[in-house]
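# Geometric and topological summary
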Amino acid sequence: MNEAETPGLESRLITTGVERLALLGRHAESLMQGYANDQVPLEGLSHTALRKLLSARIVWRPDEQGGLKLTPKVRELIAEMVSDEARRHVNADVAEALELIRSLIQSYRDSSSRGDYWQQEQQLLRLRQAVDDMNGRFADAIDSLWQRLNSDFGFVSQLNDKVRENDRAQKQVVRLLDGLALIDFDELIELVGSDGTLRKVLISQLQQQLSQHYTSLREVQHRLIELMARFRRMQARSRLVSGMAAFLREHPGFTPGNYARRSEVPALFNHAAPLTAAGAVALDRAQDMPTLSALLENVPTPLRAAQSITAARPAEHVEDTLIAARQQALKDDVETFYLNVVDRAEQTPISALDYLNQSELQWPPEIWLFQVIAEHQGLPHSEQRAFHLHQQEERASAYNDVKLIRDVSLGLAV
Amino acid sequence: MSDISLLPHGPLLERLLAGEFICAVSDESAFKRLQDDDTREAIDSYLRPLNRRVASSQEEGVYFLAWRQLDDTARDQLARQLGDTVHSLLPLLEWLQLVQEALGRDSVLSPGDVLKPGELQAKSEDNPSLRERIERLATDSFFGSQSDQLDAQVKQVFKRLREHGYLLQPHADRQVFLVTGKVDYLLELVRFIRDEEHLPVDDEGEDTQEALL
């Protein structure tokens, strides 16, 4: 199409369009601030500029007092241009696009039958654009979905948000697939009839593009479901950890059943005790000798000083035997005393202390008496009854009732 | 009997016998070999006289040795081990939670994740609540830190986790740790205990985080 054929209306549209697109560039900074924040800042915008922006419907005022905001279309355009996945909008409304295409086909055929070729060209152009738009919507939506997938929904930080975003994306895929299903090629073929140009635009090209979209969407859907499963597993792990920790904090005495005693021990708990494969130096193989002697040579010399054997102390041991020997001698002397009592002809008891003095034994009297009593107590019961042991006792003092043994006398019981 | 020679698997056998858990992080090549049915079978028949066999976690993320026959000695050992495990559950779970929150991660640690004690320490230095939690955790008898210094506490916690096989330190002189597959094994144990004891611990359904707040 060349310019000469463009009537006045079209050229006026183009001039206005160019002017208004230029507005976007001229006020790019303010507009981007309006995109990033809630409002477009008024500073730096002249009264004229503001008026132009408003009439181009780049910005609008929701209410008189309210601030200046970007119109939804501009916000969408920016989101699309910068691939801002958090705000990118997926438009899956195929029904309306199809409606438009149907009516354009009708107009095209009307112009064709009237022989109005200029009008027919215009309709064809708009039809091409409508088809491209519909195609572009799918392409954009699929691009946006891939972007989100490949970043693992990195534009939101919390796992819960990722799960929600994934859920939203899956719904979008379903809507897009539903939209694709609305496009009925049988109907289009019928509408197009025998017109070769229309057939090319609406059937062969579109069919090929849509089948690509369909494959892409199925793949995206598959990947989204996989990713969702991963998110869910991650969520489940987090919940399990925090839930179990909370439970154990609340129940400090919690003890699970003794799984080790069950007839079927759960596989997870069957972890065998560790075994160490120890090895030691062996001298029974001649070929190992060089290695072993090399090892021996490399053994570091211990740093501690040598201990002289003569410095060891047998003294304590001697002391022990000495005491035992004296103990035995005392025991033997007491036994001799007992035998003496038995062997004597007279029945009268003998004082143990007198015996000690007469026999010139060197035992201290107290030790002697103690052993004599101990010997009597150590006898078997039957033999004990054969002796009569009499203790001469006296009170410790007039005011102390403790009895002190002064002497014992031993005689045979009659 | 399998024809596979066990000669190349000596070091692996030794690690298994020593009670280690083998996962893709702790020893990738050994893990791959253990995934092979024939190799596992060969190792099993080798271990038969030692009353042991190769076992894996439910999701086959780790391999370890299990008793082949559960005699009384084996059961006694397992009962003691179960006691130790139950005792270590809370400190381990609290540690997992703490790391997740301190490092702002959106999920629990998984095998292969990289951890730097320095990072955890830096995050906790200006955060009294985190600091307090680390202190409480480190002085728990499972971690057994005697120190009141944050860096020593963090160090002790990492040391114990390495000893228990939950972390791997690829270079002894670098304070960088890798999370091993034993963490997954731990979570499988937790899930098992939860199911078996019917504990009111939910890991599915809608957000419980709001409820916790």
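Residues numbered from 1 in each chain as written. Chains lettered and ligands numbered in written order. Predicted model: local features only at pLDDT ≥ 70, side-chain atom pairs only at ≥ 80, totals over all residues. Heavy atoms only, no water.

Under the annotation held in an unreviewed UniProt entry, chain B carries the name DUF4194 domain-containing protein and is attributed to Vreelandella subterranea.

For the rest of this paragraph, the subject is the overall build of chain B. Of regular secondary structure, chain B possesses 9 helices and 6 strands. Burial analysis of chain B (213 residues in total) assigns 46% to the buried set. Here the contacts in chain B between residues at least 6 apart in sequence split such that 48% fall between residues at least 24 apart. Counting every atom, chain B has about 10900 Å² of accessible surface; 46% of that belongs to carbon and sulfur. (Helix = DSSP H or I, 4+ residues; strand = E, 2+ residues; numbered from the N terminus. Buried < 20%, exposed > 50% of the residue type's maximum accessible area, 1.4 Å probe, protein only. Contact = heavy atoms within 4.5 Å. Areas by Shrake-Rupley, 256 points an atom, 1.4 Å probe, with all protein chains shown as cover.)

We now examine the side chain of Q169 of chain B. Residue and element names in this part refer to chain B. The residue Q169 is located in the loop between β5 (167–168) and β6 (177–179) in this model. For Q169, a relative accessible area of 15% corresponds to the buried category. Separated by 2.7 Å, the side chains of Q169 and R162 make a polar contact. Looking at Q169, its side chain comes within polar contact range of the main-chain oxygen of R174, at 3.1 Å. Other than its neighbours up to four places away in sequence, Q169 contacts R162, R174, Q175, V176 and F177. (Polar contact = N/O pair within 3.5 Å; in protein donor to acceptor, adjacent residues only side chain to side chain.)

Residue and element names in this part refer to chain A. Counted according to the given criterion, the structure contains 24 salt bridges over all chains. The partner of R102 in a salt bridge is E187, with the nearest N and O atoms 2.4 Å apart. With a gap of 85 residues between them, R102 in helix α5 (residues 94–114) and E187 in helix α8 (residues 185–192) connect regions that are remote in the sequence. A salt bridge links R285 to D288; the shortest N-O distance between them is 3.3 Å. Salt bridges linked by common partners bring E99, R102 and E187 together as one network. (Salt bridge = Lys/Arg side-chain N within 4 Å of Asp/Glu carboxyl O.)

Sheets are built from strands that pair by backbone hydrogen bonding, the pairs being arranged parallel or antiparallel. All names here are of chain B. Across the sheet, which stays open at both edges, the 3 strands sit in the order β1-β3-β2 with antiparallel pairing between neighbours. Each edge of the open sheet carries a strand with a single partner, namely β1 (22–23) and β2 (52–56). Relative to strand β3 (residues 62–67), β1 is paired through 2 bridges, and the arrangement is antiparallel. When the bridges of β3 are listed, I22 appears paired with Y63. Sitting on the sheet, helix α1 (residues 10–17) is in contact with β1, β2 and β3, with an inclination near 65° to β3. Along the sheet face, helix α3 (residues 37–47) touches β2 and β3 and points at about 145° away from the line of β2. (Pairing = 2+ DSSP bridges. Axes fitted to C-alpha atoms, helices over the stretch in contact; angles between N-to-C directions.)

On to the environment of T255 of chain A. When you line up the elements, T255 of chain A lands in the loop between α9 (196–250) and α10 (289–298). Within polar-contact distance, the side chain of T255 of chain A engages the backbone oxygen of G253 of chain A at 3.1 Å.

Packed helices, taken two at a time, are described by the angle their axes make and the gap between the axes. All names here are of chain B. Direction vectors running N to C along helix α5 (residues 117–125) and helix α7 (residues 150–163) enclose 140°, while the axes themselves pass 10 Å from each other. Between α5 and α7, the interaxial angle falls into the category oblique. For α5 against α7, the interelement crossing comes out right-handed. Contact with α5, carried on its side by P117, L120, Q121, S124 and E125, involves L150, D151, V154 and F158 of α7 and no other residues of that element. Here the residues of the contact of α5 with α7 are counted per class, giving 5 nonpolar, 2 polar and 2 charged. (Parallel < 35°, antiparallel > 145°, perpendicular 65-115°, else oblique. Left-handed = near helix turned anticlockwise from the far one by under 90°. Nonpolar A, V, L, I, M, F, W, Y, C, P; charged D, E, K, R; others polar.)

Turning our attention to the interface of chain A and chain B. Chain A puts 40 residues into the contact, and the matching count from chain B is 59 residues. Where chain A abuts chain B, roughly 4700 Å² becomes buried across the two surfaces, and 60% of that area is made up of carbon and sulfur atoms. The largest share of the area that chain A buries against chain B comes from R237, L268 and H271 of chain A, three residues that together contribute 17% of it. The interface formed by chain A and chain B holds 4 salt bridges in total. Between R237 of chain A and D184 of chain B there is a salt bridge, with the nearest N and O atoms lying 2.6 Å from each other. Applying the counting criterion to the chain A and chain B interface returns 17 residue pairs in polar contact (both at pLDDT 80 or more). Secondary structure elements with two or more residues in the side of chain A that touches chain B: α7 (159–182) and α9 of chain A. (Buried area = accessible area lost by both parts, 1.4 Å probe.)

What follows is about the pairing of β3 of chain B. Residues and elements named next belong to chain B. Counting buried residues in β3 gives 6 out of 6 residues, a clear majority hidden from the surface. Residues V62, F64 and A66 point to one face of β3 and Y63, L65 and W67 to the other, with burial holding for every one of them. Sheet analysis places β2 next to β3, joined by 5 bridges and oriented antiparallel. From the neighbouring strand, S56 faces β3, where its bridge partner is Y63.

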